[in-house]
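Given next are the chains, with one letter for each unit.
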Amino acid sequence: CAKKAKTPKDSSNELAVCRVLLADLEAHQDAWPFLSPVQHKSVPGYRKVIKKPMDFSTIKEKLTNNLYLNLENFIVDVNLVFDNCQRFNEDDSEIGRAGHRMRRFFDKRWTELLQF
Ligand SMILES: Cc1ncccc1N[C@@H](C)c1cnc2ccsc2c1
């Protein structure tokens, strides 16, 4: 019997989903602490504590340069932004609370998008 031709994994629509998700993250009112890399010179201790800094502008750069092969790699970097935030900031702080709100928003948004 004819072998079912495996449809090539169409990652192009996955990357379109990444662009939509990133635009939503950047437009969120609580995105301000995460829009650009943390200037470790103005944040004492940050470089020592946070081994893998990540922010939305760096994610946008990687997306533009095709450094994400699929949605999963993208989600790993977005979660890194929030994990770094939780590691460095008190939950009960401006930035800490913004991080929790952004993570909840992101989790809701990509599960919505993946339904269709
Ligand atoms: C995400 C994060 N974690 C730990 C420290 C900083 C930051 N964000 C930076 C942009 C930043 C850097 N400086 C300030 C000053 C007031 S809010 C704010 C935000």
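Our subject is the structure listed above.
Residues numbered from 1 in each chain as written. Predicted model: local features only at pLDDT ≥ 70, side-chain atom pairs only at ≥ 80, totals over all residues. Heavy atoms only, no water.

Enquirer: Is there a simple way to think about the site of the ligand in this case?
Expert: Taken together, the residues surrounding the ligand are Trp32, Pro33, Phe34, Val38, Val43, Tyr46, Phe88, Asn89 and Ile95. A distance of 3.1 Å separates a nitrogen atom of the ligand from a polar atom in the backbone of Pro33. Interatomic distance of 3.2 Å between a side-chain N/O atom of Asn89 and a nitrogen atom of the ligand. Here the residues of the shell around the ligand sort into eight nonpolar, one polar and no charged. (Near = heavy atom within 4 Å. Polar contact = N/O pair within 3.5 Å; in protein donor to acceptor, adjacent residues only side chain to side chain. Nonpolar A, V, L, I, M, F, W, Y, C, P; charged D, E, K, R; others polar.)

Enquirer: I'm lost on the nonpolar core in this one. Help?
Expert: Where a protein is soluble and globular, its nonpolar side chains tend to be buried together. Counting residues in each nonpolar core, the largest one holds 24 residues, and the members touching the most others are Phe56, Ile59, Phe74, Phe82 and Phe106. Contributing elements (two or more residues each) for this core: helix H1 (11-27), helix H3 (56-64), helix H4 (71-88) and helix H5 (94-115). For this core, the element with the most residues is H4, which contributes eight residues. Excluding residues within four positions of it along the chain, Ile59 makes contact with Leu22, Met54, Tyr68, Phe74, Asp77, Val78 and Val81. (Core = buried A, V, L, I, M, F, W, Y, C linked by side-chain atoms within 4.5 Å. Buried < 20%, exposed > 50% of the residue type's maximum accessible area, 1.4 Å probe, protein only. Helix = DSSP H or I, 4+ residues; strand = E, 2+ residues; numbered from the N terminus. Contact = heavy atoms within 4.5 Å.)

Enquirer: Explain the packing of H3 against H4 to me, please; I cannot follow it from the model alone.
Expert: Angle between the axes and distance between the axes are the two parameters that describe a pair of packed helices. The interhelical angle for the contact between H3 and H4, taken along N-to-C directions, is 165°, at an axis separation of 10 Å. Here H4 runs roughly antiparallel to H3, going by the angle between their axes. For the element pair H3 and H4, the recorded crossing hand is right-handed. Side by side, H3 and H4 meet where Phe56, Ile59, Lys62 and Leu63 of the first sit next to Phe74, Asp77, Val78, Val81 and Phe82 of the second. Along the lines of polarity and charge, the residues of the contact of H3 with H4 split into seven nonpolar, no polar and two charged. (Axes fitted to C-alpha atoms, helices over the stretch in contact; angles between N-to-C directions. Parallel < 35°, antiparallel > 145°, perpendicular 65-115°, else oblique. Left-handed = near helix turned anticlockwise from the far one by under 90°.)

Enquirer: Before we go on, may I ask you to explain the environment of Gly45 in this structure?
Expert: Relative to the elements of secondary structure, Gly45 occurs in the loop between H1 and helix H2 (46-49). Look at Gly45 and you get partly exposed, because its relative accessible area is 40%. When the C-alpha atoms of Gly45 and Phe56 are compared, they prove to be 21 Å apart, with 11 residues separating the residues in sequence.

Enquirer: Can you help me understand H5 in this one?
Expert: Because each turn of an α-helix spans 3.6 residues, side chains separated by three or four positions in sequence point in the same direction. Between the first and last C-alpha of H5 there are 32 Å, a value that for 22 residues agrees with the 32 Å anticipated at 1.5 Å per step. Along H5, the positions that sit buried rather than exposed are Gly96, Ala98, Gly99, Met102, Arg103 and Phe106. Along the long axis of H5, the arc covered by the buried residues comes to 145°, so they all point the same way. The exposed set on the far side of H5, more than 90 degrees from its buried face, consists of Glu94, Arg104 and Gln115. Buried residues belonging to H5 abut H1, H3 and H4. (Expected span 1.5 Å × (residues − 1). Arc of directions from axis to C-beta.)

Enquirer: Any chance you could explain unusual backbone geometry here in plain terms?
Expert: Excluding glycine, residues mostly carry a negative phi; peptide bonds, for their part, are mostly trans. A positive phi angle, near 55°, is found at Asn66, a position not held by glycine. Note that Asn66 resides in the loop between H3 and H4. Classification of Asn66 as exposed rests on a relative accessible area of 53%.

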